[in-house]
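# Understanding the architecture of this molecule
Take a look at the letters that make up each chain.
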Amino acid sequence: RIAEINGLISGRLRIAAVTTAEYFVPDLLGPFSAAHQGVEIELAIENRDRVVGRLTQGMDDLAVMMMPPDDLPLDRMQFQINPLVIIASSKHALVNKTVDLSDLSNERWLMREPGSGTRMAAEQHFTKHNFKPNVVMSLGSNEAIKHSVAAGLGIAVLSQLAVQPALWPGRYAAAATSQNSVPLDSSALLQAGLGIMQVKDFPILRHWSVVWRKDNPLSATARHFLDYLQTSQAQPSS
Ligand code: PGA
């Protein structure tokens with residue numbers, strides 16, 4: 001299936017990525033694909049539960065996710081922070097104020113669907129801080145959440161990358177590696193009708209990982225991709 005002749009690699013690279021990773025995985029794959037034209041890439045985008053299901057069945061070479069499961073034999077490489085922020089309509093009265101989570105108990109909360117890693121991370125954080133959100137709606141995609149929040153239907157926890165994908169890779173990677181935070185770009189947010197709320201104990205700081213099954217030898221193509229990922233993340237572009 002895989003051939004490596006005179007440094008040229010070919011074969012298939014199967015990657016599963018959680019939906020929030022769709023904002024940057026294509027940017028990672030682009031240069032790799034251009035440099036290895038003999039490699040056919042298959043990218044599946046699913047929520048966390050479905051990516052875990054694919055990992056359980058060994059369907060992919062690699063998976064990109066924020067919260068790898070503990071009950072599978074996995075190796076992993078962590079490669080960027082993933083701050084989860086609270087977004088509101090840009091017209092929301094609290095958008096430019098610093099507030100406590102408890103000040104948001106009467107808000108209408110929009111959540112991703114059960115099975116989403118974003119939802120799981122938010123729920124864990126809420127439980128840790130003894131907070132019970134008033135959840136009025138579950139939505140099956142980040143884009144549906146963004147549009148509903150901009151329309152004033154409620155507030156939500158979302159990866160900062162989902163609301164500011166333009167920061168990837170240059171400013172995001174540089175800032176994330178040096179300061180463990182990601183700069184805000186208010187003008188792009190405003191254009192989308194959104195604001196990021198300044199809430200104590202936020203953002204939730206998680207990381208992106210690429211994971212693979214320990215019990216399934218990595219293909220030469222997947223190893224090349226991991227090397228490429230490690231090198232490109234070590235040298236963020238500007
Ligand atoms: P998801 O992604 O909310 O799309 O499932 C987040 C994650 O699991 O990393």
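The rules behind the values
- Residues numbered from 1 in each chain as written.
- Predicted model: local features only at pLDDT ≥ 70, side-chain atom pairs only at ≥ 80, totals over all residues.
- Heavy atoms only, no water.
- Near = heavy atom within 4 Å.
- Polar contact = N/O pair within 3.5 Å; in protein donor to acceptor, adjacent residues only side chain to side chain.
- Areas by Shrake-Rupley, 256 points an atom, 1.4 Å probe, with all protein chains shown as cover.
- Nonpolar A, V, L, I, M, F, W, Y, C, P; charged D, E, K, R; others polar.
- Domains from an automatic or database assignment.
- Helix = DSSP H or I, 4+ residues; strand = E, 2+ residues; numbered from the N terminus.
- Buried < 20%, exposed > 50% of the residue type's maximum accessible area, 1.4 Å probe, protein only.
- Contact = heavy atoms within 4.5 Å.

## A short note on the site of the ligand
All residues in the neighbourhood of the ligand are listed as Val18, Thr19, Thr20, Asn47, Arg48, Met65, Met66, Arg112, Ser116, Gly117, Thr118 and Trp208. Between the ligand and Gly117, the relevant distance is 2.7 Å, taken from an oxygen atom to a main-chain nitrogen or oxygen of the residue. Starting from 270 Å² of accessible surface for the ligand in isolation, the protein chains cover 100%. Here the shell around the ligand is built from residues that sort into 4 nonpolar, 6 polar and 2 charged. Here the shell around the ligand gathers at least three residues from each of two domains, domain 1 (3–79 + 208–234) and domain 2 (81–207).

## Comments concerning the environment of Val64
Checked against the element boundaries, Val64 lands in strand S4 (residues 62–65). We classify Val64 as buried; its relative accessible area is 4%. Measuring from C-alpha to C-alpha, the distance between Val64 and Val18 comes to 6.5 Å, with 46 residues separating the pair along the chain. For Val64, the contacting residues outside a window of four places in its chain are Ile15, Ala16, Ala17, Val18, Ala21, Phe24, Val25, Phe79, Trp208, Ser209 and Val210.

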